[in-house]
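# Results of the structural survey
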Amino acid sequence: DAKTTQPTSMDCAEGRAANLPCNHSTISGNEYVYWYRQIHSQGPQYIIHGLKNNETNEMASLIITEDRKSSTLILPHATLRDTAVYYCIATSTDSWGKLQFGAGTQVVVTP
Amino acid sequence: EAGVTQSPTHLIKTRGQQATLRCSPISGHTSVYWYQQALGLGLQFLLWYDEGEERNRGNFPPRFSGRQFPNYSSELNVNALELEDSALYLCASTLEGGTGELFFGEGSRLTVL
């Protein structure tokens, strides 16, 4: 799986959009970008994933650059409950069973 | 619909003992994954079971083992416990064949004294 790089931490004001960057410059053509989050002391929660096109679901939007070397997870209206560690993972179908969770980004949403 | 359930929530053992952790996947899911999250460290992939077979294994010693039962529930066994085995053990499940969208349980906290 390609290595991903994320900022260690970021703050976001409640009600504002949170834009979480992820760099995956060595991603290969068959690797997907997955995002998970882990609220303190809970199991990780799947958020969204994509291959080439931008994706949106009820939780977030995923913007992948045309060269696929980076992506941005957007939480459109951050709430206090969005405070969590967010993980960006690049993985192919060969490695679906063994996701490589890095250190992630600690996001703190403040009132 | 019930999510992934794990038991026990907490477990305290001493060095050299054995620990058994249990996981029930979401109904209809046949793949079960085990991850270890030691304090201050990221999640480390341990084991993947699908249709009763071990499909993949992370970089852990053989004293970490498991199995998957016909009802797709799974058990993780850790033998000869060491202090550094203290961690949150997370189980996740997905639909048949595996997918990157894992549904995680709340974990079992193992403390080795």
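The structure we're discussing is the one just above.
Right, let's walk through the structure included here. (Residues numbered from 1 in each chain as written. Chains lettered and ligands numbered in written order. Predicted model: local features only at pLDDT ≥ 70, side-chain atom pairs only at ≥ 80, totals over all residues. Heavy atoms only, no water.)

As a further point, take the sheet that holds strand β7 (residues 64-68) of chain B. Residues and elements named next belong to chain B. Spatially, the 4 strands line up as an open sheet ordered β1-β3-β8-β7, and their pairing is antiparallel. Each of the sheet's edge strands pairs with one partner strand only, and the pair in question is β1 (5-7) and β7. The mean angle between the axes of side-by-side strands here comes to 15 degrees, regardless of whether they run parallel or antiparallel. Bridge count between strand β3 (residues 19-24) and strand β8 (residues 74-78): 5 bridges; the pairing is antiparallel. In the sheet register, T20 faces β8, and the bridge partner there is N77. (Pairing = 2+ DSSP bridges. Helix = DSSP H or I, 4+ residues; strand = E, 2+ residues; numbered from the N terminus. Axes fitted to C-alpha atoms, helices over the stretch in contact; angles between N-to-C directions.)

One number sums up the size of the largest pocket: a volume of about 410 Å³. Contributing to the lining of the largest pocket are 19 residues, with Q38, H40, S41 and V85 of chain A together with Q37 of chain B lying nearest its centre. Classifying every residue of the lining of the largest pocket by side-chain character gives 9 nonpolar, 9 polar and 1 charged. Taken as a whole, the second largest pocket holds about 220 Å³ of empty space. Together, 15 residues line the second largest pocket, and K3, T4, T5, G102 and A103 of chain A are the ones closest to its centre. Tallied by class, the residues present in the lining of the second largest pocket amount to 6 nonpolar, 7 polar and 2 charged. (1 Å grid on protein atoms, 1.4 Å probe; cavity = no way out; pocket = protein on both sides within 12 Å on 5 of 7 lines; lining within 4 Å. Points joined across faces, edges and corners; volume = space filled by probe spheres on them. Nonpolar A, V, L, I, M, F, W, Y, C, P; charged D, E, K, R; others polar.)

Here we take up the side chain of S108 of chain B. All names here are of chain B. Inspection of the secondary structure assignment puts S108 in strand β11 (residues 108-112). Residue S108 is classed as buried on the basis of its relative accessible area, which comes to 1%. Among the polar contacts made by the side chain of S108, one reaches the main-chain carbonyl oxygen of P8 at a distance of 2.6 Å. (Buried < 20%, exposed > 50% of the residue type's maximum accessible area, 1.4 Å probe, protein only. Polar contact = N/O pair within 3.5 Å; in protein donor to acceptor, adjacent residues only side chain to side chain.)

For the rest of this paragraph, the subject is the pattern of salt bridges. Any two side chains of opposite charge can pair, given that their charged atoms come close. All names here are of chain B. A full pass over the atoms with the stated rule returns 6 salt bridges over all chains. The partner of E82 in a salt bridge is R63, and the shortest N-O contact between them spans 3.4 Å. In this pair, E82 sits in the loop between β8 and β9 (87-94) while R63 sits in the loop between β6 (53-57) and β7, placing the two residues 19 residues apart along the sequence. The class of R63 is buried, set by a relative accessible area of 16%. A single salt-bridge network, built from bridges that share partners, covers R22, R67 and E75. (Salt bridge = Lys/Arg side-chain N within 4 Å of Asp/Glu carboxyl O.)

Now for the nonpolar core. By size, the foremost hydrophobic cluster in this structure holds 23 residues, and its most contacted members are L20, W35, I47, L73 and Y86 of chain A. Counting only elements with at least two residues in this core, the list comes to β1 (9-13), β2 (18-23), β3 (32-38), β4 (45-50), β6 (61-64), β7 (70-75), β8 (84-91) and β9 (105-110) of chain A. At 4 residues, the largest contribution of residues to this core is made by β8 of chain A. Discounting chain neighbours no more than four positions away, the residues touching Y86 of chain A are Q6, L20, W35, Y36, R37, I47, L73, L75, G104, T105 and V107 of chain A. In this structure, A19, W34, L46 and Y89 of chain B belong to the second largest nonpolar core, which totals 22 residues. (Core = buried A, V, L, I, M, F, W, Y, C linked by side-chain atoms within 4.5 Å. Contact = heavy atoms within 4.5 Å.)

Residues and elements named next belong to chain A. Per the counting criterion, the structure on display carries 2 disulfides over all chains. Paired through a disulfide, C22 and C88 show a sulfur-sulfur distance of 2.1 Å. Judged by the sign of its S-S torsion, about -80 degrees, the cystine formed by C22 and C88 is left-handed. With a gap of 66 residues between them, C22 in strand β2 and C88 in strand β8 connect regions that are remote in the sequence. Of the residues examined, C22 reaches a relative accessible area of 2% and is grouped as buried. C12 takes part in no disulfide bond, and the closest cysteine sulfur to it belongs to C22, at a distance of 18 Å. (Disulfide = S-S within 2.5 Å.)

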